[in-house]
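# Summary of the model geometry
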Amino acid sequence: MTDLSGRVALVTGASRGIGAATARRLAAAGAAVALTARSGEAIQQIAGEINAGAGRAAAFACDVGDFAAVQATVAACTSELGPIDILINNAGMLEPIGAPHEINPEAFMANLRVNVGGALAFAQGVLPGMLERRAGTLVNISSGAAHSPLEGWAAYCTAKAALHMLTRSLAHAYAGHGLRIYGFGPGVVDTRMQEVIRGSGIGPVAKLKRSDLAPVEHPAQVIAFLCSEAAADLAGQELSIRDPDLMRRAGLEAA
Ligand code: NAP
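Residues numbered from 1 in each chain as written. Predicted model: local features only at pLDDT ≥ 70, side-chain atom pairs only at ≥ 80, totals over all residues. Heavy atoms only, no water.

Every one of the 29 residues lining the ligand counts as a neighbour, but S15, R38, S39, Y156 and T191 are closest to it. One of the backbone nitrogen or oxygen atoms of V189 is found 2.8 Å away from an oxygen atom of the ligand. Contact with the protein chains removes 96% of the 870 Å² of surface that the ligand exposes when unbound. Applying the majority rule of atoms within 2 Å of the grid points places the ligand in the largest pocket. Sorting elements by how many residues they give to the shell around the ligand places helix α6 (residues 192-200) first, with three residues. Per-class residue counts for the shell around the ligand are 13 nonpolar, eleven polar and five charged. (Near = heavy atom within 4 Å. Polar contact = N/O pair within 3.5 Å; in protein donor to acceptor, adjacent residues only side chain to side chain. Areas by Shrake-Rupley, 256 points an atom, 1.4 Å probe, with all protein chains shown as cover. 1 Å grid on protein atoms, 1.4 Å probe; cavity = no way out; pocket = protein on both sides within 12 Å on 5 of 7 lines; lining within 4 Å. Sits in = over half its atoms within 2 Å of the grid points. Helix = DSSP H or I, 4+ residues; strand = E, 2+ residues; numbered from the N terminus. Nonpolar A, V, L, I, M, F, W, Y, C, P; charged D, E, K, R; others polar.)

The structure is reproduced here in structure tokens:
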């Protein structure tokens, strides 16, 4: 199993789904974990469970679209757990769902603010320290939607495509500074976001049955692997859980 002892990790969108599983996984690998999301009670509860076991965690309620709050959150995490070695930019939202000519442009921009702006704001919070220490890992959670348009998802696809270019821009800017920066597409995973998609009835993903979806533990395991030195050769890339070699290296059977 990946060993992240002595590291401090910050996971956004850690109140449920992939983010909660990732926080648990990183803690199980030995990292001290800062959980953030808007749902303060949910992250407190998960942090409490981690602390009641062998791990160390703390919860910091934060809306990633509130950029001033993001800076305050990074400062609070650092003062409680220490300098942040690992950032998982996982917080994300799907809505608005609808044809491009129908969606509200304000809702479109609100989606970009969370999915892209929030990731940039958290990266800006941790990068100065990482650059000073010449060490750090940053994983932006991507999606197949970054690379192909999907019916009803113009906002989400646009945001994830922008996040993909942000990942590339960060990797381009900081390669050679000791940082490892990845994009990672988690596949179709059994979370509340997929409930929203099924509920909408729009597009091909809405037709998937729950039994077609992967458990949250699968992407969490790959993300933990990306945080380890063993994944250093993959830095700078956008990776997908659909890559059988990556699955094997992360200790998962290829689906
Ligand atoms: P989820 O269960 O809906 O979880 C989304 C997380 O993001 C929650 O913890 C939520 O917390 C947080 N979040 C949303 N808006 C936020 C905001 N304004 N500020 C702070 N936190 C916010 O979805 P998920 O499937 O686990 O998604 C996690 C990531 O994986 C997302 O980036 C998503 O795009 C990506 N992804 C998922 C799938 C899939 O099949 N599930 C596929 C490809 C990519 P609060 O509501 O408590 O704030």
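Moving on to the packing of aromatic side chains. Tallied over the full model, the rule gives one aromatic pair. The interplanar angle of 90 degrees and the centroid separation of 5.6 Å between the aromatic rings of W153 and Y156 together place this pair among those described as edge-to-face. Per residue, the accessibility class of W153 equals that of Y156, and both read buried. The ring of F67 carries the charged tip of R113 above its face, separated from the ring centre by 4.1 Å. (Phe/Tyr/Trp six-rings, centres within 6.5 Å; stacked < 30°, edge-to-face > 60°. Buried < 20%, exposed > 50% of the residue type's maximum accessible area, 1.4 Å probe, protein only. Lys NZ or Arg CZ within 6 Å of the ring centre and 35° of its normal.)

Structural measurements only, silent on function.
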